[in-house]
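Residue strings, one per chain:
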Amino acid sequence: MSNILQEGTNQFRFKNLKGVKIPPQALDLEEAIIGAIMIDKKGLDEVIDILFPEIFYKKEHQEIFFAIQELYHNSKPIDIYTVLNELRKIGKLESVGGELYLIELTQKVISSAHIEYHSRIIVQKFILRKLISISSHIIQKCYEESTDVFDLLNHAESKLFEIHQKYLIEKKNETTQCLIQKAIEKIKKTEKEGLSGIPSGFHKLDYITSGWQNSDLIILASRPGMGKTTFMLSMVKNIVVNQKIPIIIFSLEMSSIQLITRVISSETSISSEKIKKANLSQLDWKRLLHKTKNLKNVPLFIDDTPSLSIFSLRAKCRRLISQHGIKLIFIDYMQLMGGIHDHGSKLQNREQEISVISRSLKSIAKELDIPIIALSQLSRAVETRGGNKRPVLSDLRESGAIEQDADIVLFIYRPEYYGFKIWDSDENNDSCIGQAEIIIAKHRNGGLDKFRLKFISDQAQFENLEEKKHVSLVWEEDYKKNVIDQKDFFMSSPYDDFEDHTLSESNFNNEIDINDENSLKKEI
């Protein structure tokens, strides 16, 4: 009778357990890992940077691994006897099952083979448990009326980011032979192409840096009004339009429409003020419509999400690299990025927050193996300082960590902005009007230098100073293409009516003012 009752009780218990979900776990692998470590310390060397006590599901296994970890950090031998002694010392031996349980663990394995593979499985189980816990907390908060949805999103992002940073960083060990082979291949590629990185389009800058290198964090800094965004867009034009290299701009300050309007102004050489007010002549419209055809199919992506977080940035970059082969990332600008903090609390000050953002950007650049160019503000110390007001590294705003994490730091300096008329460093007293100086203040893998560029404020662009750009109009291009060849266009009869002139391409621009609409219409 009692047997029948017992059997019925068991059936009832199992029937009720059918709907119960057990958290993800792998107890057999946990036992195998701890047993393997106690019989072969070499196994611990393979997984010490993967495993943490909290990763184990069973409380007893957490205590045992904590004792093993303490022995390892104190450079003491690790075997069943030293682990027993350490557990006895911290008063945890009886709570983990005593000597008998440790002996049982060592008897379940014969070597530490495949210990890293087994460890990654229990890490995955732990991450699943963490995701369940985070999701449960989020679900609970969602039902509370007092919950702020944006705080909750920040909390969820920070927790997911924390899991990735702490538990998903994989080891990358390569042999010297493999690394040397990669280095030789890169040298051969550089010899063939001239640059080892992505060209900026500015000759002097490319000569110094050999292009933007993968995994580098480049900081472009200046005071407001110096032209950070303009410099960025000039590079974007050089890289995307001229070289067809896919890039992404994360614009936290300007909307995507404002940004693309400035790109249009730079490409068409039409004043941004005229475009903004739609004060365009018929010839301006022709030029705009003709030039923007070249922009429609360029591999440029713009994301104007405000207060973008590091977690969102990483996720979006991964997706864009996978789908569109993005080769370069721009951020305008980093002080506007959202910080990473726990729910309901913030970091002590803004400097710490910027430090975390800076360190995370460098981490993303290395992880994705792609250059990141982040714009940054300078402190007001530049304005209050006397002299020529050239920026220095200590002027980087809010954090010295930016200087530490960056591989390259660039400053933009325009003395014209401060009312100067000539360059202070020139013996010939050259004019500084319409010019800018790019200062390479830090270069981890190269030398420091400075050089000058032409600055065209109304067209939102920087140009190589030695180049004199000839602005070709739509009618002029069509005329050369469809009516006569280039030589005849500049040397023959259409301009014989001008007295004592033989027009060449160089003096053609001097004879006709391209901004004078009446003159252009007359010539047409």
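Residues numbered from 1 in each chain as written. Predicted model: local features only at pLDDT ≥ 70, side-chain atom pairs only at ≥ 80, totals over all residues. Heavy atoms only, no water.

### Regarding the pairing of strand S5 (residues 372-377)
Turning to step 1, where the next piece is worked out: In terms of residue burial, S5 counts as a mostly covered element, since six of its six residues are buried.
Turning to step 2, where the next piece is worked out: Judged by which residues are buried, S5 turns out to be covered on both faces: Ile-372, Ala-374 and Ser-376 on one side and Ile-373, Leu-375 and Gln-377 on the other are all buried.
Turning to step 3, where the next piece is worked out: Bridge count for strand S4 (residues 328-332) against S5 is three bridges, and the pairing is parallel. Bridging across to S5, Ile-329 finds its partner in Ile-372. (Buried < 20%, exposed > 50% of the residue type's maximum accessible area, 1.4 Å probe, protein only. Helix = DSSP H or I, 4+ residues; strand = E, 2+ residues; numbered from the N terminus. Pairing = 2+ DSSP bridges.)

### A word on the environment of Ile-247
Turning to step 1, where the next piece is worked out: Along the chain, the position of Ile-247 falls in strand S2 (residues 247-251).
Turning to step 2, where the next piece is worked out: Given a relative accessible area of 0%, Ile-247 falls into the buried group.
Turning to step 3, where the next piece is worked out: Spatially, the C-alpha atoms of Ile-247 and Ile-302 are 8.7 Å apart, while their sequence positions differ by 55 residues.
Turning to step 4, where the next piece is worked out: Discounting chain neighbours no more than four positions away, the residues touching Ile-247 are Val-236, Ile-239, Val-240, Pro-299, Leu-300, Phe-301, Ile-326, Leu-328 and Phe-330. (Contact = heavy atoms within 4.5 Å.)

### Points about the side chain of Asp-206
Turning to step 1, where the next piece is worked out: Within the secondary structure layout, Asp-206 lies in helix H10 (residues 203-209).
Turning to step 2, where the next piece is worked out: For the buried Asp-206, which has no salt bridge, the nearest side chain bearing the opposite charge is Lys-204, at an N-O separation of 12 Å.
Turning to step 3, where the next piece is worked out: At a separation of 3.2 Å, a polar atom in the side chain of Asp-206 contacts the main-chain amide nitrogen of Gly-201.
Turning to step 4, where the next piece is worked out: Setting aside chain neighbours within four positions, we find Asp-206 in contact with Leu-195, Pro-199, Ser-200, Gly-201 and Gly-211. (Lys, Arg positive; Asp, Glu negative; His and termini not counted. Salt bridge = Lys/Arg side-chain N within 4 Å of Asp/Glu carboxyl O. Polar contact = N/O pair within 3.5 Å; in protein donor to acceptor, adjacent residues only side chain to side chain.)

### Side note on the nonpolar core
Turning to step 1, where the next piece is worked out: Core analysis: the biggest nonpolar cluster contains 84 residues, and Trp-212, Ile-219, Phe-231, Leu-313, Ile-331 and Leu-361 have the highest contact counts within it.
Turning to step 2, where the next piece is worked out: The element best represented in this core is helix H11 (residues 228-243), accounting for eight residues.
Turning to step 3, where the next piece is worked out: With 39 residues, the next largest nonpolar core counts Ile-78, Ile-80, Ile-122 and Ile-163 among its residues. (Core = buried A, V, L, I, M, F, W, Y, C linked by side-chain atoms within 4.5 Å.)

Worth remembering: the numbers are spatial, not functional.
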